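# A structural walkthrough
If you want the building blocks of each chain, they are given just below.
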Amino acid sequence: VTAFEKQLDLEQRLPADDADGDDGAGKIALARSLGGSDDAQGMARIRSAALEERSRRRFSPLHVAARQAQVAAVAARAAAAAAQVQAAHDALAGRLAGRLWLPPALAGGWLAAHRQTLATLAALQARLAATAEGFGALPVDDTLPAAAPREVAWSD
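Throughout this document, residue positions are counted from 1 along each chain, in the order its sequence is written. Predicted model: local features are reported for residues with pLDDT of at least 70 only, side-chain atom pairs are reported and counted for 80 or more only, and whole-chain, interface and lining totals are derived from all residues. Side-chain metrics rest on all non-hydrogen atoms present in the structure, leaving aside hydrogens and water.

## Concerning the overall build of the chain
Inclusion rule: The helix count covers DSSP runs of H or I at least four residues long, the strand count covers runs of E at least two residues long, and both are numbered beginning at the N terminus. Summary of the burial criterion: residues with accessible area below 20% of their type's maximum are buried, those above 50% are exposed, and those between are partly exposed, where the area comes from a 1.4 Å probe applied to protein chains only. By definition in these notes, contact holds between two residues if any of their heavy atoms fall within 4.5 Å. For the accessible areas, the method is Shrake-Rupley and the probe is 1.4 Å, while residue cover comes only from the protein chains on display.
From N to C terminus, the chain includes six helices and zero strands. In sequence order, the chain lays out its α and β elements as α-α-α-α-α-α. A buried classification covers 26% of the 156 residues belonging to the chain. When contacts within the chain are restricted to residue pairs at least 6 apart in sequence, long-range pairs at least 24 apart make up 84% of them. A total accessible area of about 9,800 Å² is found for the chain, and carbon and sulfur atoms account for 59% of it.

## Structural notes on the packing of helix α1 (residues 2-13) against helix α5 (residues 61-96)
Let me state the cut-off plainly: Note on geometry: axes are lines fitted to C-alpha atoms, helical ones only across the stretch in contact, with angles between N-to-C directions running from 0 to 180 degrees. Angle categories: roughly parallel below 35 degrees, roughly antiparallel above 145, roughly perpendicular from 65 to 115, and oblique for all the rest. Less than a right angle of anticlockwise turn of the near helix away from the far helix marks a crossing as left-handed, whereas a clockwise turn marks it as right-handed.
Look at α1 against α5: their axes get within 11 Å of each other, and the N-to-C directions meet at 165°. In terms of their interaxial angle, α1 and α5 are classed as roughly antiparallel. Between α1 and α5 lies a crossing whose hand is left-handed. Taking contact as the criterion, the partners of Phe4, Gln7 and Glu11 in α1 are, on α5, His63, Arg67, Gln70, Val71 and Val74.

## Digging into the nonpolar core
Counted only if it meets this: In this description, a nonpolar core means a group of buried Ala, Val, Leu, Ile, Met, Phe, Trp, Tyr and Cys residues linked to one another through side-chain atoms lying within 4.5 Å.
Membership of the largest hydrophobic core is limited to 11 residues, which are Phe4, Leu8, Phe59, Val64, Val71, Val74, Leu128, Ala132, Phe135, Leu138 and Val152. Mapped onto this core, the elements with two or more residues apiece are α1, α5 and α6 (104-136). With near-sequence residues (within four places) excluded, Val152 lies in contact with Ala3, Phe4, Gln7, Arg67 and Gln70.

## Digging into the side chain of His63
With respect to the helices and strands, His63 occurs in helix α5. Since its relative accessible area comes to 11%, His63 is described here as buried.

## Describing the pattern of salt bridges
Let me state the cut-off plainly: We count a salt bridge whenever a side-chain nitrogen from Lys or Arg sits within 4 Å of a carboxyl oxygen from Asp or Glu.
This structure, assessed with the given rule, holds three salt bridges. Here Arg67 ties to Glu11 by a salt bridge, and the two come within 2.8 Å at their closest N and O atoms. Here the residue Arg67 occupies a position in helix α5, and Glu11 occupies one in helix α1, the gap between them amounting to 56 residues. When sorted by exposure, Arg67 lands in the same class as Glu11, which is buried.

Following this line, the structure appears as structure tokens:
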């Protein structure tokens, strides 16, 4: 998940390809150096939303679709893992039900491990969904060549 979040951050920060000689990114860099931070009062007057939008890199629809497919593949793995953990939780809860000799706190502790794993997986799935949305919100230019990006490198 972290690898995809970092890739999204990188792609969101890429400057526009200046094939037409537009120096919008240079104007923004100048404005940032003059204004200090993005929150400075003078910065709002120097940089317009249109200039900021023009300074962003555009991506092909295939690029965006490929990134979303990569995230979806990892999300599917997380969903499968969550289903396995949920099944293990339910099976254990079924075996523990009706065990009069078993202290409820002990049984609760055993089940809590599965619940913690499910909570962790749910948090990762939420981050993946947000990342997929972020890739979907990248600026698209239909005229760009349809080239699939290299897959995001990550380890299991």
